Each structure stands twice: as C-alpha cells, then as structure tokens.
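So the chains spell out like this:
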Amino acid sequence: MTTNTARGTATGTNGAGTGGAGTGGASANGAGRRARRGAPAAAALAVLATALPLAAAPPAQASPAGAQGRPAWCPAVPGHQVDCTTMRRPLVTGEPRLGGVDVSYAVVRHSRPGPALGTVALNPGGPGETLIDRAEQVAGALQGVLDDYDVLLLDPRGTGRSGRLPCDVTEAEYRWAPRAGQREAVAECAEELGPRARGYTSAATADDIDAARERLGAPRLVLYGMSYGTYLMPVYADRHPERVEKMVLSGAYPVAFDSLARPGAQQVSLTLRRICERSGACDPDTAVHDLAAVAERLRTRPLKVTAEAGGERRTVLFTEDKLADLMYEPATRGIGLHPGEPGLLGALPAALHAFAAGDEGPLSALVRGEMEGTGTEDQASFLAVTCNDYVRAWDPDAPVSERRRQYRAALAAADPADFGAFSPEGWAAGQTDGGDNCLNWPRRGTARPQPTDLGNLPDVPVLVLSGDLDTNTPEVNSRLSAAQFRHSAFVSVPNSGHLPEMESTGCALEISSGFIRTGEVGDTSCLVRIPPVEVVPVPR
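*Asks:* Got a minute to help me understand the state of the cysteines in this structure?
*Replies:* Two cysteines joined by a covalent bond between their sulfur atoms form a disulfide. Evaluation of the coordinates by the stated rule reveals 5 disulfides. Across the disulfide from cysteine 167 sits cysteine 189; the S-S distance is 2.2 Å. Between cysteine 167 and cysteine 189, the S-S dihedral sits near -95°, and the bridge is therefore left-handed. You can see cysteine 167 sitting in the loop between strand E6 (149-154) and helix H3 (171-176) and its partner cysteine 189 sitting in helix H4 (residues 179-193), a full 22 residues away along the chain. We classify cysteine 167 as buried; its relative accessible area is 4%. Using a relative accessible area of 0% as the deciding quantity, one classes cysteine 189 as buried. A sulfur-sulfur distance of 2.0 Å marks the disulfide that ties cysteine 507 to cysteine 526. What sets the handedness of the cysteine 507 and cysteine 526 disulfide is the S-S torsion sign, and at about 70° it is right-handed. Linking cysteine 507 in helix H16 (residues 507-518) with cysteine 526 in the segment after H16, this pair joins segments that are 19 residues apart in sequence.

*Asks:* How do you make sense of the packing of helix H7 (residues 262-279) against helix H10 (residues 343-356) when you look at a structure like this?
*Replies:* Relative placement of two packed helices is described by the angle separating their axes and the distance separating the axes. Remark: H7 packs on H10, axes separated minimally by 10 Å, with the N-to-C direction vectors making an angle of 95°. Viewed along their axes, H7 and H10 adopt a mutual orientation that is roughly perpendicular. Across the interface between the two elements, Thr271, Leu272 and Ile275 of H7 pack against Leu345, Pro349 and Leu352 of H10. Residue composition of the contact of H7 with H10, grouped by class: 5 nonpolar, 1 polar and no charged.

*Asks:* Just checking my understanding: could you explain the nonpolar core for this structure?
*Replies:* Within soluble globular proteins, side chains that are nonpolar generally end up buried alongside one another. Judged by nonpolar contacts, the single largest core of 118 residues is most densely connected at Leu323 and Phe422. Discounting residues that sit within four places of it in the chain, leucine 323 has contacts with Leu291, Val294, Ala295, Leu298, Phe318, Leu352 and Phe422. Membership of the second largest hydrophobic core comes to 40 residues, among which are Trp73, Val77, Ala106 and Val493.

*Asks:* Which parts of the structure should I look at to understand the pairing of strand E9 (residues 303-309)?
*Replies:* A regular strand places its side chains so that they alternate between the two faces of the sheet. Residue alternation in E9 divides its side chains into a buried set, Leu303, Val305, Ala307 and Ala309, and an unburied set, Lys304, Thr306 and Glu308. Here E9 runs beside strand E10 (residues 312-318); their pairing, made up of 7 bridges, is antiparallel. Residue pairing for E10: lysine 304 is matched across the bridge by leucine 317. Here E9 folds back onto E10 in antiparallel fashion, the turn holding 2 residues, of which glycine 310 has a positive phi close to 65°.

What counts and how
- One numbering rule holds for all chains: residues counted from 1, following each sequence as written.
- Side-chain atom pairs in this predicted model are given and counted only at pLDDT of 80 or more, local residue features only at pLDDT of at least 70, and totals for whole chains, interfaces and linings cover all residues.
- The basis for every side-chain value is the complete set of non-hydrogen atoms in the structure, without hydrogens or water.
- Our working definition of a disulfide is a cysteine sulfur pair at a distance within 2.5 Å.
- Only DSSP runs of H or I covering at least 4 residues are called helices, and only runs of E covering at least 2 are called strands; the numbering of each starts at the N terminus.
- Accessible area is worked out with a 1.4 Å probe on protein chains only. A residue is then buried under 20% of its type maximum, exposed over 50%, and partly exposed in between.
- Every axis corresponds to a line fitted to the C-alpha atoms, with the helix fit spanning only the stretch in contact, and the corresponding angles, defined between N-to-C directions, vary from 0 to 180 degrees.
- An angle counts as roughly parallel when it lies under 35 degrees, as roughly antiparallel when it exceeds 145, as roughly perpendicular when it falls between 65 and 115, and as oblique in every other case.
- Any two residues whose heavy atoms approach within 4.5 Å are treated as being in contact.
- Three residue categories are used. Nonpolar comprises Ala, Val, Leu, Ile, Met, Phe, Trp, Tyr, Cys and Pro, charged comprises Asp, Glu, Lys and Arg, and polar comprises the others, including Gly.
- Here, nonpolar core refers to any group of buried Ala, Val, Leu, Ile, Met, Phe, Trp, Tyr and Cys residues whose side-chain atoms link them within 4.5 Å.
- Strand pairing is assigned whenever DSSP detects at least two bridges linking the two strands.

All quantities given are derived from atomic positions and should not be read as evidence of function.
Okay, here's the thing in structure tokens:
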C-alpha cells in the first residue's frame, strides 16, 4: 500500500504494510498541535546524531555517589528514575585469553504509574556515538515514548562509559588528512589496538545489548536505530530474533550495501535539484552542472584552505574527494532544524556557482567553517567497527597489494554514470567509512566482515524513516533497508536530511513515537507542513 501526502509517502513493503497516511484517526489540526509540541524534542535530538563521532557532549548531571545504589556517573533526568550498571563482558567470546571489557548502560524509567509497556533500546549512530552522558537530551527527544516505555541507553564497547578505546587518531586528523594519510591512520590505529581490535564489532555490541536486556528482565526490546544504528539493530535482530518486539530505523542502509556508495553520489545531484525546485532560489540544471564543473576542476587544481581544526592550525588541499565528503556527510546533516537559515546545504548552490565562475571565496568560507567545527574525538571505535564489519570491494583475506588490485578493478568496472557529478575515484575516496579507507586494515588479529545474508530476521513491524534530501543514507538505501524485513513500512520525510527526526516541526518524531506505541504508521499528514530548505539565491 502506498499513500502520497504531499511530498511524503508511507509505504508497506514486501506485501505486509503496517499502515499508511490518513490512518489512526488524527485530524489535521491535531497533527499540527502534536508537531508543534515535538519541535523542542527535535532540537534535543540534534546532539545525538552524526556520521562521525562528535567531541564528547557535556555530561548530564550525575547522581551523588552511591545514591540509591547507583554509580556516581549515573545521570539524573528530571521526572524519571534512572538505573545504571556496568557489566563485565568477554572481549571476544570463546577467547578468555583476550580478557574482558566493561560495558555500561543506563535505563531511564517511564513516568506513568504501573509497569512499563516495554523497553526501547536506542543507538544514535557513529559508530562511536554515546548515550549515557546525554540521557537528559534523549529524554527530551523521546518525551512521548517515556510516558509508558523504559529507554535503554548503552554506550557501545570502546566508547563513553564502556571502556573508551583510544588509538590517537582524532576526527580532525582523520577527516582532513589526504586520502593516503587516512589509509595510513587506519593502519596505525590497527597497530595501536593490536588483537583487541577483534572485540569491537557490531555483533559484539548486539550481544552486549542483549546481555543488558536479560539483566533487566525485559522479554523483548523495541529497537530504535539511527544512521549506523540501522546497521547495528538488524544485526541484533538476526542474532536474537525472539527478543525483538518492533523496530524503528532512521536514516537507514542495508547490511549488504554498495561498497562504492553509488546511491549517495546519485542522491547529491537529486538533492541539489530538489532544493532549487522547492525554493526557487536556483536553477536545478545549473546547480548540477556547477557541481560537476567544480569536481572536475578540483581533480587537477585543488583549493588550498587554512583554518583551525581540532585545536590546530591546518592547511588542507580541498580536492575532489574532499568535495565528495562535504556533500556526502555534513551537507545534509541536521537539515530543517533551523528553518529560515540556509545552513551548509542551502549555501552550496551559490558557492558552487561562484567557484565555477572563478570566485573561490564562498566555497573557501564554507570549507573553513567545516574545518573549524571538527572535533578531537578519537576515531578508534569508528574505525574498528567499520573496518571489521563493512563489506569491501576486495577480499579481506588477501594481502594489501592484491586488495589494491581488486579495488582498482572494481572502480574500473563501474559505470561512471553511476557516480553522478563525480569521478568514480573521487567519489569513492570521499567516503570516510568506505572506498579504500580500510585497505591497510590487517588480515590477522581483526574480525571478519559481518555476514550480509541475515537469514534469521524476525517477522515484526518495522518502520523505516528517510529524509528525501539525505545524501549519506539516501532513499534508495533506506528502501533496501526496509526490504530486508517482511513486515515493514517506509516513510519519506520531505525537506529533511540525515536524520529526518531533526526537522523542526516534530512531525517525524511524532510518527516514530506513534509507531513504537502502536506498531502502525498512523497519520502522516503533518509531513506537508515541513518547510523547504532556505537557499542562498544564485544569480541567473
């Protein structure tokens, strides 16, 4: 069943829809009231979701040491009881010689009298994002759910309160290094971690979540994954199918995704077209043409930009792959959170147009702004999980020289038309979690890639939310994620990016919260009220 509501769609895939727009009986005025109440929740959610780990958020106020038997680091959330504990878990199951790891979690209890209706397990992405020290923000984002549901906040092993894993590679150092430097940073990180690297996988974190569930006595979990969480939660569901009640996946991609990220390259051009068409501030064809012209220029004549990044003054050669990274990750993050402000995406058409005409100033300013916003969070968990788990364009058991040959063969065999405005090499090298970034990840002492068949997924209600401007986890990938399940519903959220819950009206959060309570999509009429992205006018 497919129902269109303006530019939003609710779709049940694989023959068993969970509902569509217009169901649930809510009036348009009622949906509008709920959306307005949800706007502060969207702002609270903004601190949680990103493609690369952020610098650590300010910790929530902690409970006094020993209060009600809780550890000193246990956060306080107004209006809610919070229970915290630390579990000792094997680093690698079946290999006691490698020791263990302490995994911590907090449970924010529901506010209404009586037993909880269930337990929601949340993961906001990364890999590497933490939750415990952000408990108050989570409670603000999930305020409707927390009336009746407990919310489990587990810091994945190697992050936050769960034995932070260092390898002395910061976000600023990794992101702004040339591609060869990124590959070398991965190799250095693996050397620093040594055999410990095998313990940091999505499967291990999924099993940690299930160990927490068992300790809590929760028979099943509602899984809520965002970005990388949409990879982790299907892994959990495949390993523990009988423990899943329902799932919400936001900004989703399938476990067996395209290792060259071609859907994202195509989405970049589509996103530029959409914001130009909806705003009227730029010509769609011109915006895409300018993007291609800038990418071609940067292949041979990089832009040199100097700015403070991660506490150090850095000079970056802004090449085609850095442009690809800009368009793939930060450009569509948090779209819609601040209506009336163009943000990075809304400023890009004018900056690209100026650069294509010979004026480097506007694009240089955008790059400097991105550099100045880059943090110093260690990338150990991010690199370990992505290099251990993700599918690659080469055989991970092959030596590096053979991997390199296989990777180049995969690029050569790809159709250049599948990469939109970019060259295959430039686009693939712009992926900080893909392309050839893990080429030097060791064969020995690390985990094998996560299996992609997922043959044990449960037949439970699944909601997949996708921002229709998202270039990081584009709609094509989100639909493939929904197709992994027999009983799924797909909702495209207009004028939003990565992640759709961060749009300002609270509509997407209301849809996901309603699904958690009922297992059905319900009324999606509020989607039509999400305003288009503000775009800096481009001279015609």
